[in-house]
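Notes for the structure review
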Amino acid sequence: MATATLKRLLLIGGGHAHLFVLETLRKRRSEWHGRLEVTLLSRTLATAYSGMLPGLIAGHYRTRQCLIDLPPLAAQAGATLVQADVEQLDLARNVALGGGREWEFDLVSIDIGSSPSLTAVPGAAQHAAPVKPIDLFLQHWRELQDQIGTLTRPIHMVVVGGGAGGVELVLAMAHRLEGQRALVKWSLVTSGELLAGYPRRAARLMVRHLAEAGVALRTNAEAACIEQGKLHFADGSSAAFDALIWATGAAAQSWVAASGLACEDNGFVIVNEHLQSTSHPQVFAAGDIAVNPLHRRPKAGVFAVRQGPVLADNLLRQVLDLPLASYRPQMDYLSLLATGQRHAIASWYGLVWEAAWLWRWKDRIDQRFIRRFSPPFEAPVDAQSIEDASR
Ligand SMILES: Cc1cc2nc3c(=O)[nH]c(=O)nc-3n(C[C@H](O)[C@H](O)[C@H](O)COP(=O)(O)OP(=O)(O)OC[C@H]3O[C@@H](n4cnc5c(N)ncnc54)[C@H](O)[C@@H]3O)c2cc1C
């Protein structure tokens, strides 16, 4: 019997959707064993679960509890993990490049997330600390805490971005440093209204939590430019700061659009309902980096998670020459916003609640997610058949 040609699947980024791809590869190994060679390229060896980031900053978790280790996941999936920062994609040669190395592929999947946009406001790249990549932000936060421990004068910390990420972050930081209220002054600045896209009651409740935490809120204040220690607004006013944290806008890495993939103007990959690039069928993308213009949704981990199983299935279908499955995102999703303490605001289809038990519920959901992708894994469904086949 002729052996099927071995195809090379390259996974770029260890984002939420790729966690499901690795899980599926482990569970369905007998379907692709001997037909596929899988390589995962990731900038970091652990993926930070952003849903738990505010809880980590607030001091409710330790770092280890919020990280998913990629080496055991990749090993169990039969994938080779390489720590590498991809910087270029050559679609004429089907090669990904980074750090002077290159990786050939027949099929590639991109799940590299997004980062706050630092280019729209002059000076932001030089003077602001972006909330992503998360590992770099956590390092910055540790340094800030060390500095605060040695303060002799009050300081002003400003967070720019009034979306879910910015609000949760400022409340988490203020909660962690509650004992230093006399020394640390907090501000949250946003160009529009607070929590745009959320029910207004959720925003009103958040305004109350911000006030209780001592965070000064400035809405409809568009940052125009930044210089050392000073944030200038479009209306001509300004605010002095000692630390500036950037949690606004989502930007794509520039190499993605530079590869010639069909992308929107902001650099996000245009995919169809199969999570496949509309210009290059050998490319799939999911999570924040992907956009389906027919089904636009906010850049939230919940969508990357929902896309994961469909992406995984479609990558295998593509290899096995089967028709691709479709992904249609849900219209709304349950949003649980942490308010600094062990307390959360939930919103779902316009309904809003707040309570401490909602935080405990979120905590259970988040911890279950981490456990799902942490060893020990349940045995692959078809482990026996792989052993049989390899004898
Ligand atoms: C403070 C904060 C709180 C949030 N809370 C929530 C929440 O509660 N619920 C929610 O739904 N969403 C939340 N979000 C949004 C959420 O973080 C993103 O939507 C989600 O992480 C996107 O997942 P992803 O799979 O696209 O990529 P990510 O989870 O960002 O993962 C990308 C991975 O790719 C790797 N990578 C990046 N670039 C490269 C490269 N060039 N080469 C190789 N590897 C690379 C990175 O190391 C990373 O591991 C929050 C965001 C922030 C900032």
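Just so it is clear, the structure is predicted and the values come from calculations on it, not from any experiment.

**Observations concerning the overall build of the chain**
- In terms of regular secondary structure, the chain is built from 12 helices and 23 strands.
- Burial status across the chain gives 43% buried among its 391 residues.
- Here the contacts in the chain between residues at least 6 apart in sequence split such that 67% fall between residues at least 24 apart.

**What about the sheet that holds strand S21 (residues 335-338)?**
- With antiparallel pairing, the 3 strands of this open sheet are ordered in space as S21-S22-S23. Two strands in the sheet have a free side with no partner beyond their single neighbour: S21 and strand S23 (351-355). Along the sheet, successive strands turn relative to each other by an average axial angle of 20°, direction set aside.

**So, the site of the ligand**
- Surveying the vicinity of the ligand reveals 35 residues, the closest of which are Gly13, Gly15, Ser50, Gly113 and Gly287.
- Looking at the shell around the ligand, the elements that each hand over two or more residues are helix H1 (16-27), strand S2 (36-42), helix H3 (53-58), helix H7 (164-176) and helix H10 (301-319).
- Within the shell around the ligand, the residues separate by chemical class into 14 nonpolar, 14 polar and 7 charged.
- No fewer than three residues from each of domain 1 (7-114 + 251-337 + 361-390) and domain 2 (124-246) sit in the shell around the ligand.

**Focus: the nonpolar core**
- Membership of the largest hydrophobic core comes to 112 residues, with the highest contact counts inside it found for Val170, Leu244, Ile245, Val269, Ala285 and Leu311.
- Per-element accounting of this core gives the leading share, 8 residues, to H7.
- The residues touching valine 170, leaving out its near neighbours within four places in the chain, are Val159, Trp186, Leu188 and Val215.

**Focus: the domain arrangement of the chain**
- Looking at the assigned domains, one finds that the chain contains domain 1 (7-114 + 251-337 + 361-390) and domain 2 (124-246).
- Distance between the C-alpha centres of domain 1 and domain 2: 31 Å.
- Counting residues at the interface gives 13 residues for domain 1 and 14 residues for domain 2.
- Counting residues per element, the ones that place at least two in the side of domain 1 that touches domain 2 are H3 and S21.
- Among the elements that take part in the side of domain 1 that touches domain 2, H3 stands out by supplying 4 residues, more than any other.
- Residue composition of the side of domain 1 that touches domain 2, by class: 7 nonpolar, 6 polar and no charged.

**Some remarks on the pairing of strand S8 (residues 101-104)**
- One ladder, built from 4 bridges, connects strand S7 (residues 95-98) with S8; its direction is antiparallel. Its bridge partner being in S8, glycine 98 is matched across the sheet by arginine 101.
- Here S7 hands over to S8 after 2 residues, with glycine 99 in that stretch at a positive phi of 55°.

**A word on the sheet that holds strand S14 (residues 223-227)**
- Taken in spatial order, the 3 strands make up an open sheet running S14-S15-S16, and their pairing is antiparallel. Lying at the two open borders of the sheet, with one neighbouring strand each, are S14 and strand S16 (238-240). For this sheet, the mean angle separating the axes of adjacent strands, direction not counted, is 20°.
- One ladder, built from 4 bridges, connects S14 with strand S15 (residues 230-233); its direction is antiparallel. Bridging across to S15, alanine 223 finds its partner in phenylalanine 233.

**A word on the environment of alanine 243**
- Here alanine 243 shows up in strand S17 (residues 243-246).
- Remark: the alpha-carbon pair of alanine 243 and alanine 129, spanning 114 residues in sequence, is separated by 8.1 Å.
- Setting aside chain neighbours within four positions, we find alanine 243 in contact with Leu144 and Met157.

**Comments concerning the packing of H1 against helix H4 (residues 70-77)**
- Packing of H1 against H4 leaves a shortest axis separation of 7 Å and a crossing angle of 35°. Every pair of crossing elements has a handedness; the one defined by H1 and H4 is left-handed. Packed against H1, whose contacting residues are Leu19, Leu22, Leu25 and Arg26, the element H4 presents Leu73, Ala74, Gln76 and Ala77 at the interface.
- In terms of residue class, the contact of H1 with H4 is built from 6 nonpolar, 1 polar and 1 charged.

**A word on H7**
- With 13 residues, H7 ought to run about 18 Å at 1.5 Å a step, and its terminal C-alpha atoms sit 18 Å apart, in line with that.
- Most of H7 is tucked away, with 12 of its 13 residues classed as buried.

**Quick notes on helix H11 (residues 356-372)**
- Under the 1.5 Å per step criterion, the end-to-end length of H11 is 25 Å for 17 residues, consistent within 8% with the ideal 24 Å.
- Residues of H11 that are buried include every one of Leu358, Trp359 and Lys362, and no others. End-on view of H11: buried residues confined to an arc of 100°, all on one side of the axis. Opposite the packed face of H11, turned more than 90 degrees from it, sit the exposed residues Ala356, Trp357, Arg364, Arg368 and Arg371.

Conventions we followed
Residues numbered from 1 in each chain as written. Predicted model: local features only at pLDDT ≥ 70, side-chain atom pairs only at ≥ 80, totals over all residues. Helix = DSSP H or I, 4+ residues; strand = E, 2+ residues; numbered from the N terminus. Buried ≥ 20, exposed ≤ 12 C-beta atoms within 10 Å, placed from the backbone. Contact = placed C-beta atoms within 7 Å. Pairing = 2+ DSSP bridges. Axes fitted to C-alpha atoms, helices over the stretch in contact; angles between N-to-C directions. Near = placed C-beta within 6 Å. Nonpolar A, V, L, I, M, F, W, Y, C, P; charged D, E, K, R; others polar. Domains from an automatic or database assignment. Core = buried A, V, L, I, M, F, W, Y, C linked by C-beta atoms within 7 Å. Left-handed = near helix turned anticlockwise from the far one by under 90°. Expected span 1.5 Å × (residues − 1). Arc of directions from axis to C-beta.

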